[in-house]
Amino acid sequence: MPFDQYHEPPEELPQKTRTFARMIASLIEEAEAIGWYEQRIAVEKNRQAKAIMQNAQKEEFKHFGMDLEFLLRQKPDWRTELKAILFTKGDIVEAGEKAEKKVD
Ligand SMILES: [Fe+2]
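Cut-offs used in this document
- Residues numbered from 1 in each chain as written.
- Predicted model: local features only at pLDDT ≥ 70, side-chain atom pairs only at ≥ 80, totals over all residues.
- Heavy atoms only, no water.
- Helix = DSSP H or I, 4+ residues; strand = E, 2+ residues; numbered from the N terminus.
- Buried < 20%, exposed > 50% of the residue type's maximum accessible area, 1.4 Å probe, protein only.
- Core = buried A, V, L, I, M, F, W, Y, C linked by side-chain atoms within 4.5 Å.
- Contact = heavy atoms within 4.5 Å.
- Donors = N, O, S within 2.8 Å, 3.2 Å for Na, K, Ca; no water.

**Student:** I tried to follow unusual backbone geometry on my own but got confused; where do I start?
**Tutor:** Excluding glycine, a negative phi dihedral is what most residues carry, and trans is how most peptide bonds are arranged. In this structure, phenylalanine 87 takes a positive phi of about 60 degrees despite not being glycine. Counting through the fold element by element, phenylalanine 87 comes out in the loop between α3 (76-85) and α4 (92-102). Taking relative accessible area as the criterion, phenylalanine 87 reaches 85% and is therefore assigned exposed.

Written as structure tokens, this is what we have:
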């Protein structure tokens, strides 16, 4: 069983940090799955197979969102920054720059 999510000896890490690392790994896996489905959907010619994969990709959106919400509840500064970036309109880089100033 791989333990790639740890960059420090796991036995030295508090339980909360190990859980955080697992959820980061999970978030990455959900993002990868979204990307993999995007590619498969783009090339699939069979209408029914494509519909099934589109449905599966929506599940991954939900999983990604739940993982992210869990992580944001652990890191209020991260939430503060994302509130200034996500679900906004206009220039994303500008929003990112403004978000950075909200946390110090
Ligand atoms: Fe998933």
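**Student:** Explain the nonpolar core here, please?
**Tutor:** Nonpolar side chains in soluble globular proteins tend to end up buried together. Core analysis: the biggest nonpolar cluster contains six residues, these being Met23, Leu27, Leu68, Leu71, Leu72 and Leu82. Put simply, the parts of the chain that give this core at least two residues each are α1 (15-43) and α2 (47-74). Looking at this core, the element that brings in the most residues is α2, giving three residues. For leucine 82, the residues in contact, after removing those within four places along its chain, are Leu68 and Leu72.

**Student:** Can you help me understand the coordination of the iron ion in this one?
**Tutor:** Ideal values differ by geometry: the angle at a metal is 109.5 degrees with four tetrahedral donors, but 90 or 180 degrees with six octahedral donors. Ligation of the iron ion by protein atoms is provided by Glu30 (OE), Glu60 (OE) and His63 (ND1), these donors lying 2.0 to 2.2 Å from the ion. Sequence spacing among the residues donating to the iron ion works out to E-x29-E-x2-H. Taken as a pair, glutamate 30 in helix α1 and glutamate 60 in helix α2 lie far apart in primary sequence, 30 residues in all. No difference in accessibility class separates glutamate 30 from glutamate 60, as the two residues are buried.

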